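Fold and contact review
Residue strings, one per chain:
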Amino acid sequence: MTKKTFFNRQVFSALIFSIVFFAMGLWILSALFKTSSESPELPRLLILAPENLISSFASSPQIVRDFEEAHQCRVEFVAIKNKSLISDAFAPELTALNPDLVLGIDLISLPELQRNLGWKPLRGSGKVEWSEWVKDSVQQRFWPHSWSILTLVYRPSIHNLTITPRSLSELLTIIPGESLVLPSPLQNPLGFLFLHWLWQEHTIEAFKLNSDSFTETLEQLKMVVYKTPNSLKEANKIFQSNEFLVTFEPLSHTISRRLQGNGGEIESLILRRPHPTYIEYAGIPATCIKCELAEEFIRTLLLPRSQKQLMQSHHLLPVIRDIEKNTPFEEITSIVKELAIHKSNKDLDYQKDRELVLKAWKEIFEID
């Protein structure tokens, strides 16, 4: 065999090997592509929620991560931007998204959402170990996932509020002028709950007031209000920036502020009358696509580990019994037991009073 012939055979063999190797590579890539294209996409659970609640899930991602792994799905959040009352979020463009689940439904929006949209009934509420403070507020189609009582917060070294006022109206005569940071009653459920709390004093027999004097009380309120930001986050920022200020917030936020090391000497003012309760609900629209997944997510939120994580990240209280035990939030339990708070919100018709109360607010604060 000549050297030239041997060389030609080597080249030929190498060429055949290259062709076979290339063909096998194409076959493997084709098989992989085919498998990838044929594999089903993970089901998507679409959740509509306020921005602050979504941020809470982002800072405590284990809840969502565990759910996605357990149910082989992906959770996608749609934020309600620049709107604090969740009912405002159901504009046509958002309704067209057909969310599977809505979280963070506030007490003010709840009646409107019940009237204007269909909702799936939730099963098995009797098997949930509800906290005694929310169990009377559980509804067939809406289950609470977070709550707190609301109160005024101040710095005792600046404001001498050691003598507890009998009523909220009396408190307004003690607070210095232009010192109260109040979330806007027009944009924020907490702001409206403050206003409704004030309104109740004028409609219950115990205080012997009437609705005619409500305008006078609002005039006094106007004198002590410093700013009315749209969001609670903005209100907190303003409060932290000025030691002279007083604000209205969930009592649990005060505890969280201390835990984060920026609470300082901040104290909560507990009045000798029922404090309003703030509750956030979960509900499944009747138009849901992944309805069963949505219900499973609600049940996941009510697991003890999820409630504890949500308490730490969302800064509200758990709705499941005894979760706050042996934590700094347990302090609130002893405070709540001393209050004749509204254990049920079913007897409070916020919608009935809303138009009248907000109309008075707009007139006094000169808002169009």
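Notes on the structure in this doc start here. (Residues numbered from 1 in each chain as written. Predicted model: local features only at pLDDT ≥ 70, side-chain atom pairs only at ≥ 80, totals over all residues. Heavy atoms only, no water.)

This structure, assessed with the given rule, holds one disulfide. Paired through a disulfide, C288 and C291 show a sulfur-sulfur distance of 2.0 Å. Across the S-S bond linking C288 and C291, the dihedral sits near 105 degrees, which makes this disulfide right-handed. The class for C291 is partly exposed, based on a relative accessible area of 21%. (Disulfide = S-S within 2.5 Å. Buried < 20%, exposed > 50% of the residue type's maximum accessible area, 1.4 Å probe, protein only.)

We now examine the side chain of D353. Within the secondary structure, D353 is located in helix α14 (residues 350-364). Among the residues examined, D353 registers a relative accessible area of 17% and is labelled buried. One polar contact links D353 to H196, side chain to side chain, over a distance of 3.0 Å. When near neighbours in sequence (up to four residues on either side) are disregarded, D353 contacts H196 and W199. (Helix = DSSP H or I, 4+ residues; strand = E, 2+ residues; numbered from the N terminus. Polar contact = N/O pair within 3.5 Å; in protein donor to acceptor, adjacent residues only side chain to side chain. Contact = heavy atoms within 4.5 Å.)

It is worth spelling out the environment of S60 at this point. Here S60 lies in the loop between α2 (51-59) and α3 (62-71). Along the backbone, S60 and S313 are 253 residues apart, and their C-alpha atoms lie at a distance of 6.2 Å. Discounting chain neighbours no more than four positions away, the residues touching S60 are Q309 and S313.

Let us now look at the nonpolar core. Core analysis: the biggest nonpolar cluster contains 91 residues, and L103, L221 and F297 have the highest contact counts within it. F297 has contacts with L45, I47, F57, V64, F67, V75, L101 and L103, leaving out every residue within four places of it along the chain. Membership of the second largest hydrophobic core comes to seven residues, among which are I238, F239, L245 and I266. (Core = buried A, V, L, I, M, F, W, Y, C linked by side-chain atoms within 4.5 Å.)

With that settled, the discussion passes to the pattern of salt bridges. Across all of its chains, the model carries eight salt bridges by this definition. Here R74 ties to E41 by a salt bridge, and the two come within 3.3 Å at their closest N and O atoms. One end of the pair, R74, is in strand β2 (residues 74-80); the other, E41, is in the loop between α1 (3-38) and β1 (44-50), with 33 residues separating them in the sequence. R74 gets classed as partly exposed once you look at its relative accessible area, which sits at 33%. Since its relative accessible area comes to 64%, E41 is described here as exposed. One connected set of salt bridges, linked through shared partners, spans E41, R44, R74 and E76. (Salt bridge = Lys/Arg side-chain N within 4 Å of Asp/Glu carboxyl O.)

Regular strands place side chains that alternate from one sheet face to the opposite one. The element strand β7 (residues 246-250) is largely enclosed, with a buried count of five among its five residues. Bridge analysis of strand β4 (residues 143-154) against β7 gives four bridges, and the strand direction is antiparallel. Paired with L150 across the two strands is P250, which belongs to β7. Of the strand pairs in this sheet, strand β5 (residues 180-181) and β7 are connected by two bridges, and their pairing is parallel. (Pairing = 2+ DSSP bridges.)

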